[in-house]
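Below are the chains, spelled out letter by letter.
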Amino acid sequence: FWKRPTKKGVLGGLLSGILFQYPGAFMMTILGLTAHLWASEEVIAENDWLAGLVGGFSASGVALVASAAIGLWNKACGPADAKV
């Protein structure tokens with residue numbers, strides 16, 4: 001999104017890219033650094049809703065990887081007769 005900016009040039013493209021990516025990266029870093037405090041095995045065992053949330057995120061991560069693998073397979077193999 002910053003390689004071909006159409007409105008405010010390269011500086012606007014870089015600024016929009018930074019403002020889009022850094023808040024999420026910052027939040028994921030904070031969550032990862034503090035996960036040992038709020039996501040230990042004891043805490044998850046005591047809170048059923050948290051166990052369900054962790055299980056749901058795990059399942060959605062597996063589904064996302066499987067979807068990406070299928071998409072890559074379809075692009076790499078081309079026509080249906082090339083797929084084994």
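Rules and cut-offs
For every chain, the first residue of the written sequence is number 1, and numbering continues from 1 onward in sequence order. It should be noted that, the model being predicted, local features are given only for residues of pLDDT at least 70 and side-chain atom pairs only at 80 or more, the latter also being counted only at that level, while totals for whole chains, interfaces and linings use all residues. Excluding hydrogens and water, the side-chain figures rest on all heavy atoms present in the structure. In DSSP terms, a helix is any run of H or I states spanning at least four residues, a strand is any run of E spanning at least two, and both are numbered starting from the N terminus. Classification of residues uses two cut-offs on accessible area relative to the type maximum, computed with a 1.4 Å probe and protein chains only: under 20% is buried, over 50% is exposed, and between them is partly exposed. With residues, only the protein chains shown are counted as cover, and all accessible areas are computed by Shrake-Rupley using a 1.4 Å probe. Patches draw on residues past 30% relative accessible area with no salt bridge. Two like charges within 9 Å are joined, as are two nonpolar side chains (Val, Leu, Ile, Met, Phe, Trp, Tyr) within 5 Å. Think of a salt bridge as a Lys or Arg side-chain nitrogen and an Asp or Glu carboxyl oxygen that are within 4 Å of each other. What a helix is expected to span follows from its residue count: subtract one and scale by 1.5 Å. We define the bend at any residue as the angle between the axes fitted to the seven residues before and including it, ending there, and the seven starting there. pLDDT is defined as a per-residue confidence score from the predictor, taking values between 0 and 100.

(A) Just the overall build of the protein, in detail. Looking only at helices and strands, the protein features 3 helices and 0 strands. Its helices and strands taken in sequence order, the protein reads α-α-α from the N to the C terminus. Relative to its 84 residues, the protein shows a buried fraction of 5%. For the protein, the exposed surface amounts to about 7,300 Å²; the carbon and sulfur share of it is 72%.

(B) Highlighting a nonpolar patch on the surface. Judged by side-chain polarity, V10, L14, I18 and Y22 come together as a nonpolar surface patch covering roughly 380 Å² of accessible area. Structurally, I18 can be placed in helix α1 (residues 9–38).

(C) Here's a closer look at helix α3 (residues 48–77). Compared with the 44 Å implied by 1.5 Å per residue over 30 residues, the 43 Å span of α3 between its first and last C-alpha is a close match. Phi turns positive, to about 75°, at G78, one or two residues after α3.

(D) Just α1, in detail. Over its 30 residues, α1 extends 43 Å from the first C-alpha to the last, a length consistent with the 44 Å expected when each residue adds 1.5 Å. Considering bend angle alone, the principal kink of α1 is centred on G32 and spans about 35°.

(E) Structural detail: the confidence of the model for the protein. Residues of the protein with pLDDT of at least 70 account for 86%, and the chain-wide mean is 83. Mean pLDDT in the protein bottoms out at helix α2 (residues 41–46), which sits at 84, and peaks at α3, which reaches 90.

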